[in-house]
Every structure is written in structure tokens, then in C-alpha cells.
Amino acid sequence: MSRYRPPRRRGSPYITPEGEAVLRAELHQLWKVERPQVTDVVHEAAKNGDRSENGDYIYGKRRLREIDSRVRFLSKRLEELTVVDRVPADTGKVFFGAWVTLEDEAGAERRYRIVGPDEFDLAAGKLSMDSPLARSLLGKRLDDEVRLQSPAGEQHFIIVDILYGEAAARAT
């Protein structure tokens, strides 16, 4: 059985300043804290002789590969990302970084922030700009209707509120 996986489609190269800080903190944690600890464990385990039956050595080497892979990914990704830290000139339209409040057909409201694919978290209300809902929201204005085709059928939303930057932080 082949281990080949087709390459994933690259996400959009945009990120908020908060998202960049989180990725940089993860990179620092992995490279400066975790990797030296795991390296020490592997070094000590290697001194014990037979490595084929040494769990600390085997799992330590595996963890080192995982850390190195993630560090390589984060380093390359941070180089190609563009930090979007400005509020757009037209704040009446939905752009990257906007907090958008949607009302569904039943009258229930949901609030999302349009963020980059590296920082999305639906539980925290952060919606990736590459998602179908975010793509249908981008460029829309207040009181526009948004249609979303989902596996459950077509859904309709009305844009109730659009906030950026400090105004969005105060409203939270």
C-alpha cells in the first residue's frame, strides 16, 4: 500500500497579527523548549545500549521527527504569510479580519471573524477565509443576503453587523 498523498491545496497567504503571534510562539516552543528536552531524552536512552527494545529511544526519535516536520512547516509558512493589520477603507463591506454577525432563517445570530486558514477555530468564532461560508461573505455589505449550499441543503443568512479592529474588540 502506497503512502503517497496528493499535495494539499495551499491556503490563502493572509494572517492576522494575533494569528502570526500564535504561530511564532508555537515555533519558539517547539524549537527552543521541546526539541532540546526530547534530544536529551534520546541521548540518555542511546547510552543504555540496545536501541531496538528501548522505548524512550524509539518514541523520542519519532517525536523528534514530528517536531522537525512541524518546525520546517512553520518556518516556511511564516516566510510566505502576509500579515494584514490595517482596517480597510470601506468598513461597510466584509473583508479579511472583519467580525460578521449573521442571522439565519430562524432568527438565530452567529458571529464569525474572517481569518486566514492557519488560525481558524470555529469554537472561537474564527472562520477561514477559504471556507465556503467566508467566500460567500467576502465583498458583501450590511443587510445583504448570503446563500450557502451545504450537505443539509441551501441555507440563507442576512448580514446584521460588520465590525473591524477596536470596535470589534469593544463589542466582544
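Residues numbered from 1 in each chain as written. Predicted model: local features only at pLDDT ≥ 70, side-chain atom pairs only at ≥ 80, totals over all residues. Heavy atoms only, no water.

1. Some remarks on the overall build of the chain
Right, on to step 1. The helix and strand tally for the chain stands at four helices and seven strands.
Right, on to step 2. Relative to its length of 172 residues, the chain is extended, with a C-alpha radius of gyration of 22 Å against a globular reference of 16 Å.
Right, on to step 3. The dimensions of the chain, computed from C-alpha atoms along their principal axes, are 70 × 40 × 25 Å.
Right, on to step 4. Counting all 172 residues of the chain, 33% fall into the buried class.
Right, on to step 5. In the chain, once contacts between residues fewer than 6 apart in sequence are set aside, the share between residues at least 24 apart is 56%.
Right, on to step 6. Of the accessible surface of the chain, which amounts to about 11500 Å², a share of 50% is contributed by carbon and sulfur atoms.
Right, on to step 7. The chain carries 29 positive and 29 negative side-chain charges, and their two centres are separated by 7 Å. (Helix = DSSP H or I, 4+ residues; strand = E, 2+ residues; numbered from the N terminus. Rg over C-alpha atoms; globule rule 2.2 N^0.38 Å. Buried < 20%, exposed > 50% of the residue type's maximum accessible area, 1.4 Å probe, protein only. Contact = heavy atoms within 4.5 Å. Areas by Shrake-Rupley, 256 points an atom, 1.4 Å probe, with all protein chains shown as cover. Lys, Arg positive; Asp, Glu negative; His and termini not counted. Charge placed at Lys NZ, Arg CZ, Asp CG, Glu CD.)

2. Notes on the pattern of salt bridges
Right, on to step 1. For the structure on display, the rule yields 12 salt bridges.
Right, on to step 2. Its salt-bridge partner being Glu-26, residue Arg-70 comes within 2.8 Å of it at the nearest N-O pair. Here the residue Arg-70 occupies a position in helix α2 (residues 55–80), and Glu-26 occupies one in helix α1 (residues 17–46), the gap between them amounting to 44 residues.
Right, on to step 3. You can call Glu-26 partly exposed: its relative accessible area is 28%.
Right, on to step 4. Among the salt bridges present, the one from Arg-141 reaches Asp-90, with a minimum N-O distance of 2.7 Å. Pair noted here: Arg-141 is in the loop between α3 (132–137) and β6 (145–150) and Asp-90 is in the loop between β2 (82–83) and β3 (99–104), with a separation of 51 residues, a long-range link.
Right, on to step 5. Overall, Asp-90 belongs to the partly exposed group, its relative accessible area being 28%.
Right, on to step 6. If you follow the salt bridges from partner to partner, you end up with Glu-34, Arg-63 and Glu-66 in one network. (Salt bridge = Lys/Arg side-chain N within 4 Å of Asp/Glu carboxyl O.)

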